[in-house]
Amino acid sequence: MCSVIFGAAALSSRQADAPVDIRVDTRLGRGAFKPIWAWFGNDEPNYAYMRDGQKLLGELAAASPVPVYFRTHNLLTSGDGTAALKWGSTNVYTEDANGRPVYNWTILDRIIDTYLARKIKPLFQLGFMPEALSSHPQPYRHFWKPGDNYNDIYTGWSYPPADYAKWGELVYQVGKHVADKYGRPEVDTWWWEVWNEPDIGYWHGTPEEFMKLYDFAAEGLRRALPNARIGGPEVTGPNGARTQGILRNFIEHCLRGTNYATAKTGTPLDLVTFHAKGAPQVMPDGHVRMSVSNQLRAIANGFTVAASFPELKGVPIVIGESDPEGCAACPVRTNPSNAYRNGTMFSSYTAEQLARTYELADRHGVNLLGAVSWAFEFEGQPYFDGFRDLSTNGVAKPVLNVFRMLGLMRGDRVSVDSSGALPLDEVRDRSVRGAPDISALATADARSVSVLVWNYHDDDLPAPPARITLSIEGPPDGRATLTHYRVDTDHSNAYTAWKAMGSPQLPTAAQRETLLKAGELQMLGSPERVSIQRPRFMVPLTLPRQGVSLLRLVW
């Protein structure tokens, strides 16, 4: 098996030079490999039908063996559809001079049509408040830009409706329209939710008013779509008592409270949602240090709250935004702590975080359906400007290739034991600050084994590569094909290629073609025919710091 050793740098940790043994046993199951990663989202819905937005949606669909779900803000926001950072609009609802509703589905249809043409399904967010319905409409349109006060985005769209009955009727009309246009069988496969982060400035109302908003939305939607699956509340990361309380009180209201719309007990809750974010920082020497623990604690806390309600046993959970930090539209030029986004720090963090998220779901016994990566693309922005995106000007970033790796894995999760792995509790509580976390996520079906291996550390600093021996037990004796995919500085990395060109903002046609090629998922050498002899098949590999490998053994 071909392996590549990359240059070591001065920094090392106490385990940097120790060989790592990773043992995979396909005979020991660890649960279903739910495609929790095949969920994405963004603030700006109108990017979907623009050039690079369409391209990326197609790439996400192509990477996934199951339908991708997409969540976006501003599907009910008033405006002409002009795309901007932290903004979008559809103008579905206005009123005539007599206060009668006027519905216009043109822009909303264009967004949904773009999704469905690529076999992408909506996690349809019912928000935000149309200008004509807002109880505090002015100012309405914001013009936020990077470096501005983030609170400037919270304008008239973030307020409760002046008339809740009209709000409920708007949701009914949305449901009726999509059923008429796309058909009940298709629409019944979608998920629905109400609003976003009602515990902060996205909602200029009380928690009780949010419950009322949710009740009227759920009632209106179920009138149009009796089988609609709706949930919430999409609170921010529940790492504090206040947010945990809002999440808990919302669930309590849905299960046992008086419904504001129907006056009956309870309201539909088919999906529990909350957010989880990391917290990168710039260290005194200028390097970026991640905090995967901050994100994992939020996930664990959200699971704890949901699992405390016996009535929710088996009810799906979606982590509605699950990311290294909180502002996708804040580039590195204004937010230096976001310097992780262009290279392998983002890709290795994603592998680490998703694998640990599976473990947390197992531990808490919850039905985790999805973990939304709030990262898409920002149309018309400079190349590699450090937004939290999956591609830049149509060029895939390294992180996108981790999702492509995940999409190649088949079967159910199986046992992994790594001598270089840190305990889950340590990563959750103290992050990865001493020794690196060198471990794997493995799946197997009747004809293949897939092993995703990472060498992760919170600190974006050079370090020696890891020397790993991967052993796989369980495959039958015989011939097989071994394929090794890699994301590191020199593989599946358009950022490295772009910097080598001199970081052009107006690349030539030839340079752009090179970047597109560099952004594809690449193999480390050619596929190799190998012999499997029990009790185990062994592969040596060398994995650079922040590198991710996928090894696929197919017989």
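Throughout what follows, the structure given in this document is the object of discussion.

Scoring rules and cut-offs
- Residues numbered from 1 in each chain as written.
- Predicted model: local features only at pLDDT ≥ 70, side-chain atom pairs only at ≥ 80, totals over all residues.
- Heavy atoms only, no water.
- Axes fitted to C-alpha atoms, helices over the stretch in contact; angles between N-to-C directions.
- Helix = DSSP H or I, 4+ residues; strand = E, 2+ residues; numbered from the N terminus.
- Parallel < 35°, antiparallel > 145°, perpendicular 65-115°, else oblique.
- Contact = heavy atoms within 4.5 Å.
- Nonpolar A, V, L, I, M, F, W, Y, C, P; charged D, E, K, R; others polar.
- Pairing = 2+ DSSP bridges.
- Disulfide = S-S within 2.5 Å.
- Buried < 20%, exposed > 50% of the residue type's maximum accessible area, 1.4 Å probe, protein only.
- Expected span 1.5 Å × (residues − 1).
- Arc of directions from axis to C-beta.
- 1 Å grid on protein atoms, 1.4 Å probe; cavity = no way out; pocket = protein on both sides within 12 Å on 5 of 7 lines; lining within 4 Å.
- Points joined across faces, edges and corners; volume = space filled by probe spheres on them.
- Core = buried A, V, L, I, M, F, W, Y, C linked by side-chain atoms within 4.5 Å.

As a packed pair, helix H1 (residues 51–63) and helix H9 (residues 398–408) sit with axes 8 Å apart at the nearest point and diverge in direction by 30°. By the angle class used here, H1 and H9 are roughly parallel. Residues Leu56, Glu59, Leu60 and Ala63 of H1 touch H9, and the partners they reach there are Leu400, Phe403, Arg404 and Gly407. Residue composition of the contact of H1 with H9, grouped by class: 5 nonpolar, 1 polar and 2 charged.

Within a sheet, each strand pairs with its neighbour through backbone hydrogen bonds, oriented either parallel or antiparallel. Taken in spatial order, the 8 strands of this open sheet run S2-S3-S6-S7-S8-S9-S12-S13, and their pairing is parallel. Of all strands in the sheet, those with a lone pairing partner are strand S2 (39–42) and strand S13 (367–371), marking the two edges. Averaged over all pairs of adjacent strands, the angle between their axes in this sheet comes to 30°, without regard to strand direction.

Right, let's talk about the state of the cysteines for a bit. A full pass over the atoms with the stated rule returns 1 disulfide. One disulfide bridge connects Cys327 with Cys330, the sulfur atoms lying 2.0 Å from each other. Disulfide Cys327-Cys330: the torsion about the S-S bond is 75°, which places it as right-handed. Across this residue pair, the class does not change: Cys327 and Cys330 are buried.

With that settled, the discussion passes to helix H6 (residues 241–256). The terminal C-alpha atoms of H6, which comprises 16 residues, lie 22 Å apart, in line with the 22 Å expected from a rise of 1.5 Å per residue. Thr243, Ile246, Leu247, Phe250, Ile251, His253 and Cys254 are the residues of H6 that are buried. The buried residues of H6 occupy an angular sector of 160° when the element is viewed end-on, so they sit on one face. In H6, those exposed residues whose orientation departs by more than 90 degrees from the buried face are Ala241 and Arg242. Looking at the packing, one finds that the buried side of H6 touches helix H5 (207–224), strand S8 (230–235), strand S9 (271–277) and helix H7 (292–307).

All right, on to the layout of surface pockets then. Size it by volume and the second largest pocket reaches roughly 340 Å³. If you go around the second largest pocket, you meet 19 residues; those closest to its centre are Glu359, Val414, Val416, Ser439 and Ala440. The set of elements that each furnish at least two residues to the lining of the second largest pocket consists of helix H8 (344–364), strand S16 (412–418) and strand S17 (437–445). The leading source of residues in the lining of the second largest pocket is S16, at 6 residues. Looking at side-chain class alone, the lining of the second largest pocket contains 10 nonpolar, 3 polar and 6 charged residues.

This next bit is on the nonpolar core. In this structure, Leu126, Trp167, Trp192, Val194, Trp195, Phe303 and Leu406 are the most contacted members of the largest nonpolar core, which totals 141 residues. With near-sequence residues (within four places) excluded, Phe303 lies in contact with Phe274, Ile317, Ile319, Thr357, Leu360, Ala361, His364, Val366 and Leu368. In this structure, Val24, Ala480, Ile532 and Leu551 belong to the second largest nonpolar core, which totals 26 residues.

By the bridge criterion, 6 bridges tie strand S1 (residues 20–31) to strand S19 (residues 466–473) in an arrangement that is parallel. Paired with Asp21 across the strands is Thr469, a residue of S19. With 6 bridges joining them, S1 and S16 adopt antiparallel strand pairing. Paired with Arg23 across the bridge in S16 is Asp417.

What follows is about H9. With respect to burial, H9 is a largely interior element, 10 of its 11 residues being buried. For H9, every residue scored as buried is listed here: Pro398, Val399, Leu400, Asn401, Val402, Phe403, Arg404, Met405, Leu406 and Gly407.

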